[in-house]
Amino acid sequence: MNPPRKMPVQLIPVEEVVHRADDLARQIRASDFRPDTIVAITRGGFMPARFLCDFLRVHKLLSLKVEHYTSGAREKQRAAVTVPLAGDVRGERVLLVDDVNDSGDTLVAARPHLEGFQPAAVRTAVLHEKASTQCPADFHSQAVQEWRWILYPWAVIEDVGQFAREMDPPPTTATELRTRLQQDYGLELDATQLDRVIRYNDLPFSA
């Protein structure tokens, strides 16, 4: 019998990010909403927002930062805007973009902050939306019914490094780390990904 996983993790390849962003763009084009500006919720919203700028031919990209989760799914008490929007969106149609909508707290914090800048309209879009959310996005590409941690390509080093540091006892070899990631998280990394996790987290062993 396999040991129980501490937390199920789904690794999303870059190709799927492009596919999900394309799906969002098609949904938005099929609606009556035509954004003038796209606002990325940093840091996870940057890459999907940039793809949406390309697909929807939107040239104005801004950002704001909401802090709620730190690396490796370690949750703070509440979501709050910590870096405000820097740009004028008064009278514009704004698309607010993030990677995943988990509890909904990020959108709850970000949307009223954005609406304070008096845009003409605000819509929200995410790549993945979990059933646990209390604030559904206007557009999402994939609904996640069974909760799992979504691991995007821009967060592999940070999140997996946190997983490794929280292992008790700590892994002492790359082989042990790989095995523990599979057992505890259902996560399989290839040799290159594992080498990067070890190297850029300064773990005390080599791949």
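Before any of the text, the structure's been laid out above.
Residues numbered from 1 in each chain as written. Predicted model: local features only at pLDDT ≥ 70, side-chain atom pairs only at ≥ 80, totals over all residues. Heavy atoms only, no water.

Q: Looking at this structure, how should I read the environment of D138?
A: Inspection of the secondary structure assignment puts D138 in the loop between strand 6 (121–130) and strand 7 (139–144). Taking relative accessible area as the criterion, D138 reaches 39% and is therefore assigned partly exposed. Sequence separation of D138 and L96 is 42 residues, and the distance between their C-alpha atoms is 9.7 Å. In contact with D138, not counting residues within four places along its chain, are R111, V122, R123 and T124. Within polar-contact distance, the side chain of D138 engages the side chain of R111 at 3.3 Å. At a separation of 2.8 Å, a polar atom in the side chain of D138 contacts the main-chain amide nitrogen of T124. (Helix = DSSP H or I, 4+ residues; strand = E, 2+ residues; numbered from the N terminus. Buried < 20%, exposed > 50% of the residue type's maximum accessible area, 1.4 Å probe, protein only. Contact = heavy atoms within 4.5 Å. Polar contact = N/O pair within 3.5 Å; in protein donor to acceptor, adjacent residues only side chain to side chain.)

Q: Explain the packing of helix 5 (residues 174–185) against helix 6 (residues 191–200) here, please?
A: Between helix 5 and helix 6, the least distance of the axes is 11 Å, while the angle of their chain directions is 110°. By the angle between their axes, helix 5 is roughly perpendicular relative to helix 6. Each of A174, L177, R178 and L181 in helix 5 lies in contact with helix 6, whose residues at this interface are A191, L194 and I198. Across the contact of helix 5 with helix 6, the residue classes break down as six nonpolar, no polar and one charged. (Axes fitted to C-alpha atoms, helices over the stretch in contact; angles between N-to-C directions. Parallel < 35°, antiparallel > 145°, perpendicular 65-115°, else oblique. Nonpolar A, V, L, I, M, F, W, Y, C, P; charged D, E, K, R; others polar.)

Q: Help me out: how do you make sense of the packing of aromatic side chains in this one?
A: For any pair of aromatic rings, the description consists of the separation of the ring centres together with the inter-plane angle of the planes. Taken as a whole and assessed by the stated rule, the structure comprises three aromatic pairs. Seen from their ring centres, F51 and F55 are 6.2 Å apart, and the 20° between their planes marks the pair as stacked. Of this pair, F51 and F55 both sit in helix 2 (residues 46–56), four residues apart, which is roughly one turn of that helix. Between Y152 and W154, the aromatic rings sit 4.9 Å apart at their centres with planes inclined by 5°, giving stacked as the arrangement. The class of Y152 is buried, set by a relative accessible area of 2%. In this structure W154 comes out as partly exposed when scored by relative accessible area, which is 28%. (Phe/Tyr/Trp six-rings, centres within 6.5 Å; stacked < 30°, edge-to-face > 60°.)

Q: How do you make sense of the pattern of salt bridges when you look at a structure like this?
A: Opposite charge on two side chains lets them pair, provided their charged atoms get close. Here the structure, examined in full by the defined rule, presents 11 salt bridges. Between K60 and E92 there is a salt bridge whose closest N-O contact spans 3.1 Å. Taken together, the positions of K60 in strand 3 (residues 60–70) and E92 in the loop between strand 4 (74–83) and strand 5 (93–101) put the pair 32 residues apart, joining distant regions of the chain. Residues joined by salt bridges that share partners form a network here, namely R111, E115 and D138. (Salt bridge = Lys/Arg side-chain N within 4 Å of Asp/Glu carboxyl O.)

Q: So what exactly am I meant to see when it comes to helix 3 (residues 105–115) here?
A: Along an α-helix, residues three or four apart share an orientation, since each turn contains 3.6 residues. Within helix 3, burial applies to T106, L107, A109, A110 and L114. For helix 3, the buried positions fall inside an angular range of 165° around the axis, keeping them on one side. (Arc of directions from axis to C-beta.)

Q: Is there a simple way to think about the packing of helix 1 (residues 14–30) against helix 2 in this case?
A: Between helix 1 and helix 2, the shortest axis-to-axis distance is 9 Å and the interhelical angle comes to 50°. The angle between helix 1 and helix 2 falls in the class oblique. As helix 1 runs across helix 2, the sense of the crossing is right-handed. Residues V17, V18, A21, D22, L24, A25, I28 and R29 of helix 1 touch helix 2, and the partners they reach there are M47, F51, L52, F55 and L56. In terms of residue class, the contact of helix 1 with helix 2 is built from 11 nonpolar, no polar and two charged. (Left-handed = near helix turned anticlockwise from the far one by under 90°.)

Q: Teacher, can you tell me more about unusual backbone geometry here?
A: Glycine aside, a negative phi is what most residues show, and trans is what most peptide bonds show. A cis amide bond, omega 10°, links T42 with the succeeding residue R43. The topology assignment puts R43 in the loop between strand 2 (37–42) and helix 2. Each neighbour pair has its own omega, and for D168 with P169 the value is 5°, a cis peptide bond. Looking at the secondary structure, you find P169 in the loop between helix 4 (156–165) and helix 5. In the Ramachandran plot, R57 falls in the positive-phi region, its phi being about 55° despite a non-glycine side chain. Along the chain, R57 falls in the loop between helix 2 and strand 3. Owing to a relative accessible area of 68%, R57 belongs among the exposed residues under this scheme.

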